[in-house]
Amino acid sequence: MSITEQAAPQMAPEGPGLFKRITNAVGAENLSLVIALIIMVALITTQTEFFFSPRNLMNIGQNMAVVGLIAVGMTLVIVSAGLDISVGSIAGCASVVCALTVTQMGTVIGGVAFGMGIGVVLGLINATIISILRVNPVVATLATFSAFRGVAFLIAPGGRPIGVLDQNLAWLGSGRLFQTETFPGLPVAFIILIIVACVAHFVMSSTVFGRSIYSMGGNPVAARLAGINLTRMRYAIYAISGALSGLAGVIVTARTSSGQPASGTQGLELEAITAVFLGGALMAGGKGTIVGSMLAVLLLATLSNGMNLLGIATFYQLVAKGLLLVLAVAIGQWRLARAEKQQSKLAAAGK
């Protein structure tokens, strides 16, 4: 080696570019969601100047909390090749139980614990119907959707909302952290959602339990042969989904200062299922991520916020969300068919 070559500085290898970093952060399969979100925000901002105000952006975050918590649990259920239509009704039961606990016992911690606890119990009921009685998850949870909603109205005195005047509970739903004169503060409910989503993402991507969920949804026969107890896994998954739906019901109680037995009639399950399928999950199971689901929840919250800012009626929002659900499922089925076709070609070629 020459002296000139020895004196030449060693060039450090270039790191990944900005686009590569973004792709690694959100996942290549979720880039379409990011692009759709950017286009939507661009369209909204051309029509109103209030979208990027700090208060409005924080409102979007706060509005994500309830649907987002349910969507996290729903992601686990759908990835495992299940479905839970009863999550909105579970939230309604939890909302009533939380309100009754706080008003009668005077403890917010007890209200949160009992609200999440009833969610776990109802989730286990779903798992029992599916695992022991061998009822299809769609049929089972459609039945419990109606049954749990009835239970919520039966628990509530006279079937009416239960008023709760407790500042500590209200702080969970409407409180803000890091508030200043110019910054409205981060919503507590949004912070709770971020913590739950981060924990769920870690569990799904870095633990044996998370890998077992993917195996269970992708190939249940192989998962059983690998020693995974599918019944036990199903109980755990539906219990987690129930607990998070219960927490969502507690947040509803905190935001409205009342136990709301009608939470299950407000389309929470539709929004959560739409978000999970928009996030890349498949009806057949085995695919889906927490990151994708959260991006889809953000997309839906931005859509609702933009329509509200533009004065578009709620009925049109329901139509738009329904169409998004159909589109998401159709795209998922198309991806599945394309993947199966590619595998068939490789098998035919002997690769």
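Calculation rules
- Residues numbered from 1 in each chain as written.
- Predicted model: local features only at pLDDT ≥ 70, side-chain atom pairs only at ≥ 80, totals over all residues.
- Heavy atoms only, no water.
- Helix = DSSP H or I, 4+ residues; strand = E, 2+ residues; numbered from the N terminus.
- Buried < 20%, exposed > 50% of the residue type's maximum accessible area, 1.4 Å probe, protein only.
- Contact = heavy atoms within 4.5 Å.
- Areas by Shrake-Rupley, 256 points an atom, 1.4 Å probe, with all protein chains shown as cover.
- Patch = residues over 30% accessible without salt bridge, like charges linked within 9 Å, V, L, I, M, F, W, Y side chains within 5 Å.
- Salt bridge = Lys/Arg side-chain N within 4 Å of Asp/Glu carboxyl O.
- Expected span 1.5 Å × (residues − 1).
- Polar contact = N/O pair within 3.5 Å; in protein donor to acceptor, adjacent residues only side chain to side chain.
- Phe/Tyr/Trp six-rings, centres within 6.5 Å; stacked < 30°, edge-to-face > 60°.
- Axes fitted to C-alpha atoms, helices over the stretch in contact; angles between N-to-C directions.
- Parallel < 35°, antiparallel > 145°, perpendicular 65-115°, else oblique.
- Left-handed = near helix turned anticlockwise from the far one by under 90°.
- Core = buried A, V, L, I, M, F, W, Y, C linked by side-chain atoms within 4.5 Å.
- Nonpolar A, V, L, I, M, F, W, Y, C, P; charged D, E, K, R; others polar.

Caption draft 1: Here's a closer look at the overall build of the protein. Scanning the protein for helices and strands turns up 15 helices and four strands. By residue count, 48% of the 351 residues in the protein fall in the buried class. Partitioning the contacts of the protein with sequence separation of at least 6, the portion at a separation of at least 24 is 75%. Total accessible area on the protein stands at roughly 17600 Å², and carbon and sulfur atoms take up 67% of it.

Caption draft 2: Broad picture of a nonpolar patch on the surface. Together, Phe50, Leu309, Leu310, Ile312 and Tyr316 make up a nonpolar patch on the protein surface, roughly 480 Å² of accessible area in all. The residue leucine 310 is located in the loop between α14 (290-309) and α15 (314-348) in this model. On the accessibility criterion, leucine 310 (39% relative accessible area) is partly exposed.

Caption draft 3: Structural detail: helix α12 (residues 230-256). For α12, spanning 27 residues, the distance from its first C-alpha to its last is 39 Å, which sits close to the expected 39 Å at 1.5 Å a residue. Of all 27 residues making up α12, 20 are buried, and the element is well covered by its neighbours. N-capping of α12 is provided by asparagine 229, with a side-chain oxygen placed 3.2 Å from the backbone N of threonine 231. Note on α12: the residue one or two positions beyond its end, serine 257, has a positive phi of about 55°.

Caption draft 4: The arrangement of the packing of aromatic side chains in detail. Under the criterion given, the structure shown has one aromatic pair. Each ring, one from phenylalanine 51 and one from phenylalanine 52, has its centre 5.2 Å from the other, and the planes form 85°; the classification is edge-to-face. For phenylalanine 51, a relative accessible area of 3% puts it in the buried group. On the basis of relative accessibility, which here comes to 52%, the residue phenylalanine 52 falls in the exposed class.

Caption draft 5: Seen up close, the packing of helix α5 (residues 87-105) against α12. One way to put it is that α5 packs onto α12 with a least axis distance of 7 Å and a crossing angle of 55°. In terms of axis orientation, α5 runs oblique to α12. For α5 against α12, the interelement crossing comes out right-handed. Contacts between α5 and α12 involve Val87, Ile90, Ala91, Ala94, Ser95, Cys98 and Ala99 from the former and Ser241, Gly242, Ser245, Gly246, Gly249, Val250, Val252 and Thr253 from the latter.

Caption draft 6: View of the nonpolar core. Residues Val72, Leu278, Ile290 and Met294 are the most contacted members of the largest nonpolar core, which totals 69 residues. It is helix α4 (residues 54-79) that contributes the most residues to this core, 14 residues altogether. Among residues more than four places away in sequence, those in contact with leucine 278 are Leu33, Ala296, Leu299, Leu300, Leu324 and Ala328. One finds Val108, Ile162, Val164 and Val250 within the second-largest nonpolar core, a separate group that totals 15 residues.

Caption draft 7: Inspection of the packing of helix α10 (residues 208-218) against α12 at higher detail. Running from amino to carboxyl end, α10 crosses α12 at an angle of 110°, the nearest separation of the two axes being 11 Å. Looking at the two axes, α10 sits roughly perpendicular to α12. Contacts from Phe209, Ser212, Ile213 and Met216 in α10 reach Leu230, Met233, Arg234, Ala236, Ile237 and Ile240 in α12. Among the residues making up the contact of α10 with α12, the classes are represented as eight nonpolar, one polar and one charged.

Caption draft 8: Structural view of the environment of aspartate 84. If you trace the backbone, aspartate 84 turns up in the loop between α4 and α5. Residues aspartate 84 and alanine 272, 188 residues apart in the sequence, show an inter-C-alpha distance of 9.9 Å. Aspartate 84 has contacts with Met74, Val77, Ile90, Asn126, Thr141, Tyr238, Ser241 and Ile273, leaving out every residue within four places of it along the chain. One polar contact links aspartate 84 to serine 86, side chain to side chain, over a distance of 2.6 Å.

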